[in-house]
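Residues per chain are reported as follows:
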Amino acid sequence: MERFLVVSSTDKSHTMLAQFLVSCGVQSQLYRAKAGSEARRALVDGEFDLVLVNTPLPDEFGHELAQLAAGETTAGVILLAKAEIADSVAEKVEDDGVFVVPKPLSRVLFMQALRMTRAARSRLNGLQNENRRLQKRIEDIRLVDRAKCLLIECCGMSEPEAHSYIEQQAMNRRCPKRDIAQGIIDGDTP
């Protein structure tokens, strides 16, 4: 189930937004913040799938909070602003990945914004997972290279011999080259 942070200054607007989300068929756990400072604490304490900011807030307008949420979390961010100023607000926050929806809310436009925000968040999560996978692969290559250097220095092997040794040990022991390399670095030399 998705976790939504709804930042809205009044009980009435929070209730209205919660009902609007339900009427759009959104199944989520709603968390509430009445001000920007409270929302910032919630963002530090928990992870959210979507942050919905209904401007203005009592302690700030709300676009700074939206920019912060978009920049420092993986949450999708939707900012609600009066129709008269929505375009100028959008100019300030769109480069940060914040989607601006004009008020009064249109169900169709809100659903489109929600879908686009979810799609962007899904794509971002996929890129982050790929980044983590590549970082681990780079770390594995560095570890194997360090082990090869040790084999070259301590055992007088050539680089191809050290490489072949690590691969052969990994096959013989049926474990990843990373484990063999770590063993060599830790002192389990041939």
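**Student:** In this structure, what is going on with the pairing of strand β1 (residues 2-7)? I would like to understand it.
**Tutor:** The side chains of a regular strand alternate between the sheet's two faces. The pairing of β1 with strand β2 (residues 28-33) spans six bridges and is parallel. When the sheet's bridge partners are listed, Leu 5 is paired in β2 with Tyr 31. This β-α-β element, β1 to helix α1 (residues 11-23) to β2, shows right-handed connectivity. Judged from the four bridges that link them, β1 and strand β3 (residues 50-54) form a sheet pairing that is parallel.

**Student:** How do you make sense of the packing of helix α5 (residues 107-155) against helix α7 (residues 177-186) when you look at a structure like this?
**Tutor:** Relative orientation and spacing of two packed helices are given, respectively, by the angle between their axes and the distance between those axes. Relative to each other, α5 and α7 sit at 45 degrees, their axes nearing to 8 Å. Taken together, the axes of α5 and α7 lie oblique to each other. In the crossing of α5 with α7, the sense of the turn from one axis to the other is left-handed. Across the interface between the two elements, Lys 136, Glu 139, Asp 140, Leu 143, Val 144, Arg 146, Ala 147, Leu 150 and Leu 151 of α5 pack against Lys 177, Arg 178, Ala 181, Gln 182, Ile 184 and Ile 185 of α7.

**Student:** Just checking my understanding: could you explain unusual backbone geometry for this structure?
**Tutor:** Across residues other than glycine, the phi torsion is negative in most instances, and most of the peptide bonds are trans. That bond from Thr 55 to Pro 56 is cis: its omega, -10 degrees, falls within 30 degrees of zero. Take Pro 56: it is sitting in the loop between β3 and α3 (63-72). The omega torsion of the bond from Lys 103 to Pro 104 falls at 0 degrees, within 30 degrees of zero and hence cis. Here Pro 104 lies in the loop between β5 (98-103) and α5.

**Student:** Help me out: how do you make sense of the packing of aromatic side chains in this one?
**Tutor:** Aromatic rings in a pair are described by how distant their centres are and how their planes are angled relative to each other. Tallying each qualifying case throughout the model produces two aromatic pairs. Ring centres 5.2 Å apart and planes at 75 degrees place the aromatic pair Phe 20 and Phe 110 in the edge-to-face group. In this pair, Phe 20 sits in helix α1 while Phe 110 sits in helix α5, placing the two residues 90 residues apart along the sequence. With relative accessibility at 0%, the residue Phe 110 sits in the buried group.

**Student:** Explain α1 here, please?
**Tutor:** Note on helix geometry: an α-helix contains 3.6 residues per turn, so any two residues three or four positions apart are oriented the same way. For α1, spanning 13 residues, the distance from its first C-alpha to its last is 18 Å, which sits close to the expected 18 Å at 1.5 Å a residue. When α1 is considered as a whole, its buried residues turn out to be Ser 13, His 14, Leu 17, Ala 18, Phe 20 and Leu 21. With its buried residues spanning 160 degrees around the axis, α1 presents them on a single face. Of the exposed residues in α1, the ones pointing more than 90 degrees away from its buried face are Lys 12, Gln 19 and Val 22. Among the structural elements, β1, β2, β3, β4 (76-82) and α5 are those in contact with the buried residues of α1. Trailing α1 by a residue or two, Gly 25 shows a phi angle of about 80 degrees, which is positive.

**Student:** I tried to follow the sheet that holds β4 on my own but got confused; where do I start?
**Tutor:** Hydrogen bonding along the main chain pairs the strands of a sheet, whether they run parallel or antiparallel. The strand order across the open sheet formed by five strands is β2-β1-β3-β4-β5, and the pairing between neighbours is parallel. For this open sheet the edge positions go to β2 and β5, each flanked by a neighbour on one side alone. Taken over all neighbouring pairs, the strand axes of this sheet differ in orientation by 20 degrees on average, direction set aside. With five bridges connecting them, β3 and β4 associate as parallel partners. Bridge pairing in β4 links Asn 54 to Leu 80. Those strands touched by α5 are β1, β3, β4 and β5, and its axis lies near 150 degrees from that of β4.

Cut-offs used in this document
Residues numbered from 1 in each chain as written. Predicted model: local features only at pLDDT ≥ 70, side-chain atom pairs only at ≥ 80, totals over all residues. Heavy atoms only, no water. Pairing = 2+ DSSP bridges. Helix = DSSP H or I, 4+ residues; strand = E, 2+ residues; numbered from the N terminus. Right-handed = clockwise from strand over helix to strand, strands pointing away. Axes fitted to C-alpha atoms, helices over the stretch in contact; angles between N-to-C directions. Parallel < 35°, antiparallel > 145°, perpendicular 65-115°, else oblique. Left-handed = near helix turned anticlockwise from the far one by under 90°. Contact = heavy atoms within 4.5 Å. Phe/Tyr/Trp six-rings, centres within 6.5 Å; stacked < 30°, edge-to-face > 60°. Buried < 20%, exposed > 50% of the residue type's maximum accessible area, 1.4 Å probe, protein only. Expected span 1.5 Å × (residues − 1). Arc of directions from axis to C-beta.

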